[in-house]
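# Architecture at a glance
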Amino acid sequence: MSRETKKESARFFACIVFIFCLFYPSFVFSNSATPGSCLSPEEARLVQLINQYRVAHGLQPVPVSYSLTMVAQWHVQDLNFNRPDTGTGYQGQSCNMHSWSDWHPELWNGMCYTPDHHEAREMWDKPKQISQGVYQGTGYEIAYSTSGQVTAEAALAGWQNSSPHNDVILEQGIWKDANWPAMGVGLYLHYAVVWFGDQADSRSLTGCGSVDNKILIPVMQLLLH
């Protein structure tokens, strides 16, 4: 190998290392970032798929809400780490995925959501609780779980195959003319949830670990030349 070839190889290797270091934080933290800080790539994909599905059925895309996404991201972490959906509550009934543990009492009230909807109001008020009153609207949640790593595609397919959940997404049945003005998503490990709110949220979210190409491209050129 010539001396010049070795130099070119060294530059190429340095470029690869730089790019890896630049993107590595987003790879590591995109699915475990502080709730409300950003959307992971898979959460952003879920937003895209839901809105494409709505548009295909003649509905408007739903804007991503900061407050509702914070609620959703906290909930998928709570479901994974504390499994509030495995307990029993009111009159010995089983808790389902709309349940919350007492993990962060400073942010929300723990509750067991049972099939008879006895705790419905407590669940609907989670956006008000977690946003500390900033978001005053009512929130409605759809949830999905799997034994493996959840994906946006699998979650949406699960909801599409369930009439009550599909009705929420497409504003059918009791949700007719809901005209959802806000949506929040959370997707982590085995769970995915989406919250639809009846009030708009002026705050929105962007993807985690986004990199400005105006910075990245010149640095790559510098390393390769």
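Residues numbered from 1 in each chain as written. Predicted model: local features only at pLDDT ≥ 70, side-chain atom pairs only at ≥ 80, totals over all residues. Heavy atoms only, no water.

### Thoughts on the pairing of strand β1 (residues 139-145)
Using the following cut-off: Only protein chains enter the area calculation, which uses a 1.4 Å probe; residues under 20% of their type maximum are buried, those over 50% are exposed, and those in between are partly exposed. Going along the chain from the N terminus, every DSSP run of H or I of four or more residues is numbered as a helix, and every run of E of two or more is numbered as a strand. Note on pairing: DSSP must find at least two bridges between two strands before they are called paired.
In terms of residue burial, β1 counts as a mostly covered element, since six of its seven residues are buried. As judged from the seven bridges shared by β1 and strand β3 (residues 191-197), these two strands associate in the antiparallel manner. Across the sheet, Tyr 144 pairs through a bridge with Ala 192, a residue of β3.

### Overview of helix α3 (residues 66-82)
So the rule is basically this: In this analysis, the expected span of each helix is defined as 1.5 Å times one less than the number of residues it contains. As used in this structure description, the phrase polar contact means that two N or O atoms lie within 3.5 Å; if the pair is within protein, one of them must be able to donate a hydrogen and the other to accept it, and residues adjacent in sequence are counted only when both atoms belong to side chains.
Under the 1.5 Å per step criterion, the end-to-end length of α3 is 24 Å for 17 residues, consistent within 8% with the ideal 24 Å. Most of α3 sits inside the fold, with 14 of its 17 residues counted as buried. For α3, the N-terminal cap is Ser 65; the gap from its side-chain oxygen to the backbone nitrogen of Ser 67 is 3.3 Å. Positioned one or two residues after α3, Arg 83 has a phi angle of 50°, which is positive.

### Concerning the sheet that holds β3
What counts is decided by this rule: Each axis is a line fitted through C-alpha atoms, and for a helix only the stretch in contact is used; angles between axes span 0 to 180 degrees, taken between their N-to-C directions. Working rule for contacts: check all heavy atoms of both residues, and any pair within 4.5 Å makes them a contact.
One open sheet holds the three strands; their spatial order is β1-β3-β2, and the pairing between them is antiparallel. The outermost strands of the open sheet, each flanked by one partner alone, are β1 and β2 (182-188). Looking at each pair of strands side by side, their axes are set apart by 15° on average, direction ignored. Of the strands in this sheet, β2 and β3 are in contact with helix α2 (residues 41-56), which crosses β2 at around 135°. Contacting β1, β2 and β3, helix α6 (residues 152-160) runs over the sheet at an angle of about 110° to β1.

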